[in-house]
Amino acid sequence: MRTIKILIVEDEMIIAANISLQLSNFGYEVTGIVPRGEDALIYIKENQPDIVLLDIQLKGELDGVETAQLMQKEYNIPIIYLTGNADETHFNRAKSTNPYAFISKPFKKFDLQRAIELTITRLQTKISDTEIKNTSPFILSDSIFVRHHEKMVKVVIQDILYIEAERNYCRIYSKGKEFLLVMTLKDLDEKLPSAHFLRIHRSFIVNTSQIDEVAGSHVVIAKKAIPISKQLRIELMKRLQTI
């Protein structure tokens, strides 16, 4: 794993130097020490860190909370606040920026170490969750693998009844099971084998081999009435005649 890069934004240089030394001893890379919020915003544009240690009560035009608010308009960088004043007003202002931790000054080195470690753990969990959500199904000739409870589960194509759109998600209904996928029905339709599946409505894809009845405005699969558009009904009838 690469070294975690940390930017220190602290206007008390003795404290900043002490923090930098401790972070280096912990094995982290301090990319810079800047005393002003406006300096930090300029620095981040050229040297984006993994974590920002940010003093709430900075001198200059911007305090720590204002700096965080401006930074978060362009970047999603975890913030750990340093504060010598833990009163309710400062805490509530800082809390609105969703920091990963608060460290009260003066602090012990283990307070610093634990705050960094917890932040890294949360960050890694968030990345992992994003990867899980963004995993597309694997399409094989006779089955597809879909993400289900953090595992890839095999679903036999013959067992899929129909698929329904739910905004930016779609739900696969198979014999006895349901699977929710984080992808649009349009994207899934492009991946599924056309020999088995047909989109008959803006909200539904059906497995043509599972159709029990075809009516004027709907089809029936496993006692479920699924709407069908007039234009796509013609396509479905052609497909069924071919089958």
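Since this is a predicted model, take the numbers as computed values, not measurements.

A.B. asks: Is there a simple way to think about a nonpolar patch on the surface in this case?
C.D. replies: On the surface, Y169, L180 and V182 cluster together into a nonpolar patch covering about 250 Å² of accessible area. Within the secondary structure, L180 sits in strand β11 (residues 177-181). Using a relative accessible area of 39% as the deciding quantity, one classes L180 as partly exposed.

A.B. asks: Would you take a moment to explain the side chain of T97 for this structure?
C.D. replies: Along the chain, T97 turns up in the loop between α4 (88-95) and β5 (101-104). When neighbours within four sequence positions are excluded, T97 is seen to be in contact with V65, A68, Q69, Q72 and Y81.

A.B. asks: So what exactly am I meant to see when it comes to helix α2 (residues 37-46) here?
C.D. replies: Since the α-helix turns once every 3.6 residues, residues separated by three or four places project in the same direction. Those residues of α2 that fall on the buried side of the exposure criterion are G37, A40, L41, Y43 and I44. Seen along its axis, α2 keeps its buried residues to an arc of 165°; they face one direction. Facing away from the buried side of α2 by over 90 degrees, the exposed positions are I42, K45 and E46. On its buried face, α2 is in contact with β1 (5-9), β2 (29-34), β3 (51-55) and α3 (64-71).

A.B. asks: What am I meant to see in the side chain of K105 here?
C.D. replies: Within the secondary structure, K105 is located in the loop between β5 and α5 (109-133). Separated by 3.1 Å, the side chains of K105 and E10 make a polar contact. For K105, the residues in contact, after removing those within four places along its chain, are E10, E12, I15, D55, T83 and G84.

A.B. asks: Looking at this structure, I do not really get the nonpolar core. What am I missing?
C.D. replies: For soluble globular proteins, nonpolar side chains are generally found buried alongside one another. Core analysis: the largest hydrophobic core is formed by 20 residues, its most contacted members being L7, V9, I44, V52, L54, M71 and Y81. Of all the elements in the fold, those that place two or more residues in this core are β1, α2, β3, α3 and β4 (79-83). For this core, the leading source of residues is α2, giving four residues. Dropping the residues within four chain positions of it, V52 is found in contact with L7, V9, I44, M71, I77, P78, I79 and I80.

A.B. asks: For this particular structure, what's the right way to read the sheet that holds strand β14 (residues 213-214)?
C.D. replies: Within a sheet, neighbouring strands are paired by backbone hydrogen bonds and run either parallel or antiparallel to one another. Taken in spatial order, the three strands line up as β14-β15-β16 in an open sheet, and their pairing is antiparallel. This sheet does not close on itself; its edge strands, each paired only once, are β14 and β16 (224-227). Pairing geometry for β14 and strand β15 (residues 218-221), over two bridges, is antiparallel. Residue V214 lies in a different strand from β15, and its bridge partner there is V219.

Definitions and cut-offs
Residues numbered from 1 in each chain as written. Predicted model: local features only at pLDDT ≥ 70, side-chain atom pairs only at ≥ 80, totals over all residues. Heavy atoms only, no water. Patch = residues over 30% accessible without salt bridge, like charges linked within 9 Å, V, L, I, M, F, W, Y side chains within 5 Å. Areas by Shrake-Rupley, 256 points an atom, 1.4 Å probe, with all protein chains shown as cover. Salt bridge = Lys/Arg side-chain N within 4 Å of Asp/Glu carboxyl O. Helix = DSSP H or I, 4+ residues; strand = E, 2+ residues; numbered from the N terminus. Buried < 20%, exposed > 50% of the residue type's maximum accessible area, 1.4 Å probe, protein only. Contact = heavy atoms within 4.5 Å. Arc of directions from axis to C-beta. Polar contact = N/O pair within 3.5 Å; in protein donor to acceptor, adjacent residues only side chain to side chain. Core = buried A, V, L, I, M, F, W, Y, C linked by side-chain atoms within 4.5 Å. Pairing = 2+ DSSP bridges.

None of the figures reported here should be taken as evidence of function without further support.
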